[in-house]
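Inside the fold
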Amino acid sequence: MADSRSQSSPRQARAIAGLWKSLAGRRLATLWRLSRLAGPLVHRFSRREREVTEINLGEVYPARSAAERRRLARESLTHSTATMLELGFAWMGDPERVEASILAVHGRELLDEARAEGRGVIVLAPHFGNWEVLNFWLSSHFPFTAMYEPPKIAELDAVTRAGRERMGASLVPTNPRGVAALLKALKRSEAIGILPDQEPDWGSGVFAPFFGRPAYTATLLPKLVARTEARVVTGVARRIPGRGFELHFLPADARVYSPDEAESATGVNACVEAAIALDPAQYQWEYKRYRKVVEEQQGHPRHQEFRLY
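What counts as what
Residues numbered from 1 in each chain as written. Predicted model: local features only at pLDDT ≥ 70, side-chain atom pairs only at ≥ 80, totals over all residues. Heavy atoms only, no water. Phe/Tyr/Trp six-rings, centres within 6.5 Å; stacked < 30°, edge-to-face > 60°. Helix = DSSP H or I, 4+ residues; strand = E, 2+ residues; numbered from the N terminus. Buried < 20%, exposed > 50% of the residue type's maximum accessible area, 1.4 Å probe, protein only. Lys NZ or Arg CZ within 6 Å of the ring centre and 35° of its normal. Contact = heavy atoms within 4.5 Å. Pairing = 2+ DSSP bridges. Axes fitted to C-alpha atoms, helices over the stretch in contact; angles between N-to-C directions. Parallel < 35°, antiparallel > 145°, perpendicular 65-115°, else oblique. Nonpolar A, V, L, I, M, F, W, Y, C, P; charged D, E, K, R; others polar. pLDDT = per-residue confidence, 0-100.

Applying the stated criterion to the full structure yields twelve aromatic pairs. Ring centres of Trp202 and Tyr216 lie 4.8 Å apart, and the angle between their planes is 55°; on these two criteria the pair is classed as tilted. One end of the pair, Trp202, is in the loop between strand 5 (191–194) and strand 6 (205–210); the other, Tyr216, is in strand 7 (residues 213–218), with 14 residues separating them in the sequence. The partly exposed category is assigned to Trp202, whose relative accessible area is 37%. Here the aromatic rings of Phe210 and Tyr290 are separated by 6.1 Å at their centres, their planes lie at 40°, and the arrangement is tilted. Of this pair, Phe210 sits in strand 6 while Tyr290 sits in the loop between helix 12 (261–276) and helix 13 (294–297); the two residues are 80 residues apart in sequence, bridging distant segments of the chain. Each member of the pair Phe210 and Tyr290 is classed as buried. Among the aromatic side chains, those forming a connected cluster through ring pairs are Tyr61, Phe210, Phe211, Tyr283, Trp285 and Tyr290. If you follow Arg64 out to its NZ or CZ, it ends over the ring of Tyr61, 4.2 Å from the centre. Against the face of Tyr290 rests Arg213, its NZ or CZ located 5.6 Å from the ring centre.

If you want it as structure tokens, here you go:
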């Protein structure tokens, strides 16, 4: 299979890594001010991000006015900009500063109780708030394993991996060998992280409702639960603009434990919806969550007409 990562120059990668390093020591208040300045520019000039965000918001919040959805789109892109500017802070910033930026941890007892019972914990971590801060905290406080896919800019792989592993996280590939590593971690009563809102390849998911519309959803979770009896929680790092983050660990929708893949996937999407409800502006709506459609799976000759994007 061809490598889908960008063939960018090392100079470009050095410039991006240099930017992250230069921002690593900045105060979160400064990074948020920069995001407030850059976010509206992203909304105005990044057509792809703006259009996908607005299409998604129109699909999930049809009862809201067009003006309200445009405001929410601008806020969402501002938060996405903040996440990008905060990468240096999360990956390269002084660990004591990053730990101090976590102002509260809600629901930690869900993780502690599971481990006390000798059960592993599967943390569903949607693209909400700053998921790199969530990774920092989890790998600081628990033996933690997560799947890792190299970035599109190949030369940034070393920087990204170092940032995510620096507090002890174990990164495993997104292939059968990685799944085996996740199973072993759960059987050791450790914690693992799964991204529940990325669209899998054909054959690795099922369609399940996400805000009422079918979304192709990965079926890895029921396989892991069936073989380990792990507890499932949803975890997010909600941004408190300019001040820090509050971590929220939420009980999973009961359907995630179903052996039926479609039922489990429905529960997974319900977990993501519950996290989004904490602050819809902090979700990464620019991702094409509804790229695949049922009609394409069914071989409909005009399936492209049913696509949103």
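On to the environment of Leu103. For Leu103, the location among the structural elements is in strand 1 (residues 102–106). On a C-alpha basis, the gap between Leu103 and Gly129 in space is 14 Å, while along the polypeptide they are 26 residues apart. Residues in contact with Leu103, not counting those within four places in the same chain, are Ile240, Arg243, Gly244, Phe245 and Glu246.

A word on the sheet that holds strand 8 (residues 231–240). The strand order across the open sheet built from seven strands is 1-9-8-2-5-3-4, with neighbouring strands paired in mixed fashion. Across the chains shown, the open sheet's two edge strands, defined by having one partner strand only, are strand 1 and strand 4 (170–173). When the angles between neighbouring strand axes are averaged without regard to direction, this sheet yields 25°. Judged from the four bridges that link them, strand 2 (residues 121–124) and strand 8 form a sheet pairing that is parallel.

Now for the packing of helix 11 (residues 220–228) against helix 12. Between helix 11 and helix 12, the shortest axis-to-axis distance is 8 Å and the interhelical angle comes to 105°. Comparing the axis directions of helix 11 and helix 12 gives the class roughly perpendicular. Packed against helix 11, whose contacting residues are Leu221, Pro222 and Lys223, the element helix 12 presents Glu261, Ser264 and Val268 at the interface. Broken down by class, the residue content of the contact of helix 11 with helix 12 amounts to three nonpolar, one polar and two charged.

This paragraph deals with the confidence of the model for the protein. Of all residues in the protein, 97% have pLDDT values of 70 or greater, and the mean over the chain is 95. When the criterion is pLDDT under 50, residues 1–6 qualifies, and its contacts beyond four places in sequence or with other chains add up to eight contacts.

Residues other than glycine predominantly adopt negative phi, and peptide bonds predominantly adopt the trans conformation. Positive phi outside glycine occurs at Ser189, with the angle close to 65°. Here Ser189 shows up in the loop between helix 10 (176–187) and strand 5. Exposure remark for Ser189: the relative accessible area of 15% places this residue in the buried category. Within the chain, Phe211 stands out as a residue other than glycine whose phi angle is a positive 55°. Among the secondary structure elements, Phe211 is positioned in the loop between strand 6 and strand 7.

Here strand 3 (residues 144–148) lies mainly inside the structure; four of its five residues are buried. Pairing of strand 3 with strand 5, which is carried by three bridges, proceeds in the parallel orientation. Residue pairing in the sheet places Thr145 in a bridge with Ile192 of strand 5. As paired elements, strand 3 and strand 4 share four bridges and run parallel to each other. Counted as the bridge partner of Thr145 is Ser170 from strand 4.

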